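# Coordinate analysis (summary)
Here is how the chains run, residue by residue.
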Amino acid sequence: MIDFERLYANDLPPPAAPFAGFPRYNFIGGHNDPAIVPVEGLIESAERVLREQGRTLATYTADGARGHAGLRAFVARKLRDQRGIAGGPDDVLVTSGSLQGLDLVNQLLLEPGDTVIMEQLTYQGSITR
């Protein structure tokens, strides 16, 4: 048996307290209100998509580098119908998450040394970017 503790640095902080559950209002990590998650709709959608496209869903570029064509079309329709933003599926890019989106916007709009102003209470990922 290896004694890993003797390999640790001497000035480590104390360990974090054991997880005691999420706070009542949890804004970390994009948590949704569990009461409003449409579980049955998600199950039906997942089953339908797996039956129709299951063999190609794990192919990262099956619909090209901009993301799943059906999702891009849905987002374009939703933006048009609910926000009045004109555009089509070719104007939508599906990212792997918010940080990839932030990185792309930062690369487009910022230069080294630029100042960025954000709200005090903001997404931790945006601060490190």
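Residues numbered from 1 in each chain as written. Predicted model: local features only at pLDDT ≥ 70, side-chain atom pairs only at ≥ 80, totals over all residues. Heavy atoms only, no water.

## Considering the overall build of the chain
Put simply, the test is: Strands are runs of DSSP state E lasting at least 2 residues, helices are runs of H or I lasting at least 4, and numbering of each runs from the N terminus. Exposed residues in this analysis have more than 50% of their type's maximum accessible area, buried residues have under 20%, and partly exposed residues fall in between, with area computed by a 1.4 Å probe over protein chains only. Residue contacts are defined here by distance: any two heavy atoms, one from each residue, within 4.5 Å place the two residues in contact. Here the accessible surface of atoms and residues is derived via Shrake-Rupley with a 1.4 Å probe, and residues count as covered only by protein chains that are part of the display.
Helix and strand counts for the chain come out as four helices and zero strands. What you see in the chain, going N to C, is helices and strands ordered as α-α-α-α. By residue count, 5% of the 129 residues in the chain fall in the buried class. Counting only contacts in the chain whose residues sit at least 6 apart along the sequence, the fraction spanning at least 24 positions is 31%. Total accessible area on the chain is roughly 11,900 Å²; 58% of this is exposed by carbon and sulfur atoms.

## Describing the side chain of Arg 72
Our working definition: N or O atoms closer than or at 3.5 Å make up a polar contact, with two conditions inside protein: a donor-capable atom paired with an acceptor-capable one, and, for residues adjacent in sequence, both atoms drawn from side chains.
Note on placement: Arg 72 falls in helix H2 (residues 69–83). Separated by 3.4 Å, the side chains of Arg 72 and Asp 90 make a polar contact. Setting aside residues up to four positions removed in sequence, Arg 72 forms contacts with Asp 63, Arg 66, Gly 67, Pro 89, Asp 90, Val 92 and Val 94.

## A closer look at the packing of aromatic side chains
The condition is simple: Under the pairing criterion, centres of Phe, Tyr and Trp rings, with the six-membered ring standing for Trp, must be within 6.5 Å; the plane angle then separates stacked pairs below 30 degrees from edge-to-face pairs above 60, leaving the rest tilted.
Applying the stated criterion across every chain yields a total of one aromatic pair. Here the aromatic rings of Phe 19 and Phe 22 are separated by 5.3 Å at their centres, their planes lie at 75°, and the arrangement is edge-to-face. Judged by relative accessible area, Phe 19 falls into the exposed class, the value being 63%. By relative accessible area, Phe 22 is classed as exposed at 56%.

## Points about the pattern of salt bridges
Under the convention used in this document: For this document, the term salt bridge refers to a Lys or Arg side-chain nitrogen within 4 Å of an Asp or Glu carboxyl oxygen.
Tallied over the entire structure, the rule returns six salt bridges. Between Arg 51 and Glu 47 there is a salt bridge; the shortest N-O distance is 3.1 Å. Taken together, the positions of Arg 51 and Glu 47, both in helix H1 (residues 39–53) and four residues apart, correspond to about one turn of that helix. Across the pair Arg 80 and Asp 81 runs a salt bridge whose closest N-O atoms are separated by 2.9 Å. Classification of Arg 80 by relative accessible area gives partly exposed; the value is 44%. Overlapping salt bridges, with partners in common, bring together Arg 66, Arg 72 and Asp 90 in one network.

## Thoughts on a nonpolar patch on the surface
Threshold: Without a salt bridge and with relative accessible area above 30%, a residue can belong to a patch; like charges are then joined within 9 Å and nonpolar side chains (Val, Leu, Ile, Met, Phe, Trp, Tyr) within 5 Å.
Taken together, the side chains of Ile 2, Phe 4, Leu 7, Tyr 8 and Leu 12 make up a nonpolar region of the molecular surface, amounting to roughly 550 Å² of accessible area. Tracing the backbone shows Ile 2 in the segment before H1. Assessed through its relative accessible area of 54%, Ile 2 is described here as exposed.

## A look at the layout of surface pockets
Keep this limit in mind: The method works on a 1 Å grid over the protein atoms by themselves. A cavity is a set of points holding a 1.4 Å probe that cannot get out, a pocket is an open set with protein on both sides within 12 Å along at least five of seven lines, and residues with an atom within 4 Å of a point line them. Grid points are joined across faces, edges and corners, and a volume is the space filled by probe spheres set on the points. Each residue gets one label: Ala, Val, Leu, Ile, Met, Phe, Trp, Tyr, Cys and Pro are nonpolar, Asp, Glu, Lys and Arg are charged, and the others, such as Gly, are polar.
Taken as a whole, the second largest pocket spans an internal volume of roughly 200 Å³. Phe 22, Pro 23, Arg 24, Asn 26, His 31, Asn 32, Asp 33 and Pro 34 together form the lining of the second largest pocket. Considered class by class, the residues forming the lining of the second largest pocket number three nonpolar, three polar and two charged.

## Some points on the side chain of Ser 126
Looking at where Ser 126 falls in the secondary structure, it is placed in helix H4 (residues 124–128). Note on Ser 126: relative accessible area 15%, which makes it buried. Setting aside its immediate chain neighbours within four residues, Ser 126 contacts Leu 99, Leu 102 and Met 118.

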